[in-house]
Amino acid sequence: MAMAFPLSYTPVSVKPVTYSRRSKLVVFSSSSSSSNGRDPSPSEENSVPNGVKSIEKLQEEKRRAELSARIASGAFTVRKSSFPSTVKNGLSKLGVPSNVLDFMFDWTGANEDYPKVPEAKGSIQAVRNEAFFIPLYELFLTYGGIFRLTFGPKSFLIVSDPSIAKHILKDNAKAYSKGILAEILDFVMGKGLIPADGEIWRRRRRAIVPALHMKYVAAMISLFGEASDRLCQKLDSAASTGEEVEMESLFSRLTLDIIGKAVFNYDFDSLTNDTGVIEAVYTVLREAEDRSVSPIPVWDIPIWKDISPRQRKVATSLKLINDTLNDLIATCKRMVEEEELQFHEEYMNERDPSILHFLLASGDDVSSKQLRDDLMTMLIAGHETSAAVLTWTFYLLTTVKRVDI
């Protein structure tokens, strides 16, 4: 059986086979995939030249050292005059004495020109032709842990440096807004937890977090096991026939099934079925990704929504998802009204242990629209991130010789 994983580099032990544009994957056939669970033989171990890993590690360290030296030397730095400095130069040209200007502007720091972060220009065509993380990774190798990336009139600050990320997300989070993220996700997530800012975010977080109590988590463990067992059965079947599978796609379906039941008690059953709701979820998700890099927001043009086949499909998909969620909310409200359980800190309905049921039973004073936004956020964002972690984990396991998957 062949496994599919995201690609940042090609390890010695795996061979690229096919590429999937839709799910942004490269499919690999492992050189040890025919070992049927046994440890690699001495001949297989010897097939990799001695010292290859050491040489690759040294080359990687050398490359990073060279990159650090180039960044430190200012190779990627663009100097830009500050506003006070520009004013000072203008006054100087008008004949104002230099000693007067020095006295006036010394305290502003106008004598200094401040460096910009490294800047790169992105190609829309490059993004559309391959998985976004591949050119992004190449830019990281060139520009380092923080750089500005521009797509036409749009500009993004790309941060991968842990200390800078901590400053933005934790130490000084109040100084930053969701910005373009909120604009891009508004059509699908509204004022859900991810795009929401300020008081709305704090209020919704306080309402949702209590639903994740220990009794709920314990109930979810059996759900995780049942869904994982279905995935294992699918993989066993593929392995017995030598079928190639795309692991990111399977992990996305696995996490979609789990989140559907855990969040609003809906069984997608996407590991075994392709339904309209599943396709609608991925249509909306791909649209959000494309909007994030599109230089012109054509979707805001009223007539374009009616004449563009793609936008009509997105609108149809979004309506299907919204109708499904609204039906689930209405059904759950009836269940809450009919049940006799007393709400408490670790409240959970055995027939429906979902987060949606908890929120409604808690008496959370929120509109159906806000509830729908919260559910959509957890559905869209939750299953994609979890699937990505699983995919990369298994990919990294395949790069370790002593681990056989």
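Everything quoted here is computed from the prediction, not taken from an experiment. Per chain, residues are indexed from 1 in the order of the written sequence. Whole-chain, interface and lining totals are the exception, using all residues; otherwise, since this is a predicted model, local features are given only for residues with pLDDT of at least 70 and side-chain atom pairs are given and counted only at 80 or more. Side-chain measures here rest on the full set of heavy atoms in the structure, leaving out hydrogens and waters.

### Some points on the overall build of the protein chain
Going by this rule: Put simply, DSSP H or I for four residues or longer makes a helix, DSSP E for two residues or longer makes a strand, and each gets a number counted from the N terminus. Burial status follows relative accessibility: with a 1.4 Å probe on protein chains alone, a residue under 20% of its type maximum counts as buried, one over 50% as exposed, and anything between as partly exposed. Residue contacts follow a heavy-atom distance rule, with two residues in contact if any of their heavy atoms lie within 4.5 Å. Surface accessibility in these figures is a Shrake-Rupley result with a 1.4 Å probe; residues are shielded only by whichever protein chains are displayed.
The number of helices and strands found in the protein chain is 16 helices and eight strands. Taking all 405 residues of the protein chain together, 36% fall into the buried category. Long-range pairs, those at least 24 residues apart, make up 67% of the contacts in the protein chain with a sequence separation of at least 6. When the accessible surface of the protein chain is totalled, it reaches about 23,300 Å², and 57% of it is carbon and sulfur.

### Some points on the packing of helix 11 (residues 247-264) against helix 16 (residues 368-398)
The description of two helices packed together rests on the angle between their axes and the distance between the axes. Cut-off, in case you're wondering: Here the axes come from fitting lines to C-alpha atoms, over the contacting stretch only for helices, and the angles between their N-to-C directions go from 0 to 180 degrees. An angle below 35 degrees is treated as roughly parallel, one above 145 as roughly antiparallel, one from 65 to 115 as roughly perpendicular, and anything else as oblique. A crossing counts as left-handed when the near helix is turned anticlockwise from the far one by less than a right angle, and as right-handed when that turn is clockwise.
Viewed as axis vectors pointing N to C, helix 11 and helix 16 meet at an angle of 140 degrees, and their least axial separation amounts to 8 Å. Relative to helix 16, the element helix 11 lies oblique. Between helix 11 and helix 16 lies a crossing whose hand is right-handed. Each of Met 247, Glu 248, Phe 251, Ser 252, Leu 254, Thr 255, Leu 256, Ile 259, Val 263 and Phe 264 in helix 11 lies in contact with helix 16, whose residues at this interface are Leu 375, Met 378, Leu 379, Gly 382, His 383, Glu 384, Ser 386, Ala 387, Leu 390, Thr 391 and Phe 394.

### Examining the pattern of salt bridges
Threshold: A pairing counts as a salt bridge when a side-chain nitrogen of Lys or Arg comes within 4 Å of a carboxyl oxygen of Asp or Glu.
Scanning the entire structure with this criterion turns up twelve salt bridges. One salt bridge connects Lys 319 with Asp 323, and the closest N-O pair in it is separated by 2.8 Å. With Lys 319 and Asp 323 both in helix 14 (residues 309-338) and four residues apart, the pair spans about one turn of that helix. Among the residues examined, Lys 319 registers a relative accessible area of 51% and is labelled exposed. Taken together, the shared-partner salt bridges in this structure form one network comprising Glu 287, Asp 290, Arg 291 and Arg 310.

### Remarks on the nonpolar core
The criterion, for reference: Here, the term nonpolar core denotes a set of buried Ala, Val, Leu, Ile, Met, Phe, Trp, Tyr and Cys residues that are joined through side-chain atoms within 4.5 Å.
Of all hydrophobic cores here, the largest spans 58 residues; its most connected members are Val 188, Phe 264, Leu 356, Leu 375, Met 376 and Leu 379. Of all the secondary structure elements, the ones that give two or more residues to this core are helix 8 (180-189), helix 10 (214-241), helix 11, helix 12 (276-293), helix 14, helix 15 (355-361) and helix 16. Broken down by element, this core gets its largest block of residues, ten residues, from helix 11. Sequence-distant contacts of Leu 356, defined by excluding residues within four places in its chain, comprise Val 263, Phe 264, Leu 328, Ile 329, Cys 332, Leu 371 and Leu 375. Counting residues in hydrophobic clusters, the runner-up holds seven residues, among them Leu 139, Tyr 143, Leu 149 and Phe 156.

### Observations regarding the packing of aromatic side chains
So the rule is basically this: Only the six-membered ring of Trp is used, alongside the rings of Phe and Tyr, when aromatic pairs are assigned; centres must lie within 6.5 Å, and planes under 30 degrees apart are stacked while those over 60 apart are edge-to-face, with the rest tilted. The criterion for a charge sitting over a ring is simple: Lys NZ or Arg CZ within 6 Å of the ring centre, and within 35 degrees of the ring normal.
One pass over the structure, following the stated rule, counts eight aromatic pairs. For the cation-ring pair, Arg 291 lies above Phe 187, with the distance from its terminal atom to the ring centre recorded as 4.0 Å.

### Some remarks on the packing of helix 9 (residues 198-208) against helix 16
Our working rule: As a working rule, the residues Ala, Val, Leu, Ile, Met, Phe, Trp, Tyr, Cys and Pro are called nonpolar, Asp, Glu, Lys and Arg charged, and the rest polar, with Gly in that last group.
Interaxial distance between helix 9 and helix 16 falls to 12 Å at its minimum, and their mutual angle equals 75 degrees. In terms of their interaxial angle, helix 9 and helix 16 are classed as roughly perpendicular. Packed against helix 9, whose contacting residues are Ile 200, Arg 204 and Ile 208, the element helix 16 presents Gln 370, Leu 371, Asp 374 and Met 378 at the interface. Partitioned by chemical class, the residues of the contact of helix 9 with helix 16 number four nonpolar, one polar and two charged.

### Examining the environment of Tyr 176
Structurally, Tyr 176 can be placed in the loop between helix 7 (162-171) and helix 8. Sequence-distant contacts of Tyr 176, that is, excluding residues within four places in its chain, are made with His 167 and Ile 168.

### Here we look at helix 10
Let me state the cut-off plainly: Here, expected helix span is obtained from the residue count minus one, scaled by 1.5 Å.
End to end, helix 10 covers 41 Å across 28 residues, agreeing with the expected 40 Å (1.5 Å per residue, within 8%). Along helix 10, the positions that sit buried rather than exposed are Tyr 216, Met 220, Leu 223, Ala 227, Leu 231, Leu 235 and Ala 238. Along its buried surface, helix 10 packs onto helix 11 and helix 15.

### Observations concerning the side chain of Thr 398
Convention followed: Pairs of N or O atoms are called polar contacts if they sit within 3.5 Å, as long as, within protein, a hydrogen donor faces a hydrogen acceptor (for residues adjacent in sequence, only side-chain-to-side-chain pairs).
By the element assignment, Thr 398 lies in helix 16. One polar contact links the side chain of Thr 398 to the main-chain carbonyl oxygen of Tyr 395, over a distance of 2.4 Å.

### A word on unusual backbone geometry
The backbone of Asn 265 sits at a positive phi, close to 60 degrees, despite the residue not being glycine. For Asp 269, which is not a glycine, the phi torsion comes out positive at approximately 50 degrees.

### Notes on a nonpolar patch on the surface
Filter applied, for reference: By definition, no residue in a patch forms a salt bridge, and every one has over 30% relative accessible area; like charges are joined within 9 Å, nonpolar side chains (Val, Leu, Ile, Met, Phe, Trp, Tyr) within 5 Å.
The grouping of Ile 301, Ile 303, Trp 304 and Ile 307 at the surface amounts to a nonpolar patch, some 380 Å² of accessible area in total. One can find Trp 304 in helix 13 (residues 302-307). Look at Trp 304 and you get partly exposed, because its relative accessible area is 35%.

### Brief notes about the confidence of the model for the protein chain
Quick note on the threshold: Looking at any residue, its pLDDT shows the predictor's confidence there, from 0 to 100.
Looking at the protein chain as a whole, its pLDDT mean stands at 75, while 72% of the residues score no less than 70. Mean pLDDT across the elements of the protein chain bottoms out in strand 2 (residues 14-20) (30) and peaks in helix 10 (91). Segment residues 1-48: pLDDT under 50, and 113 contacts once partners within four positions in sequence are set aside and those in other chains are kept.

### Regarding the environment of Leu 101
You can see Leu 101 is positioned in helix 4 (residues 98-105). Taking the C-alpha atoms as reference, Leu 101 lies 6.7 Å from Lys 88; in sequence the two are 13 residues apart. With residues up to four places along the chain from it excluded, the contact list for Leu 101 reads Lys 88, Leu 91, Ser 92 and Val 96.

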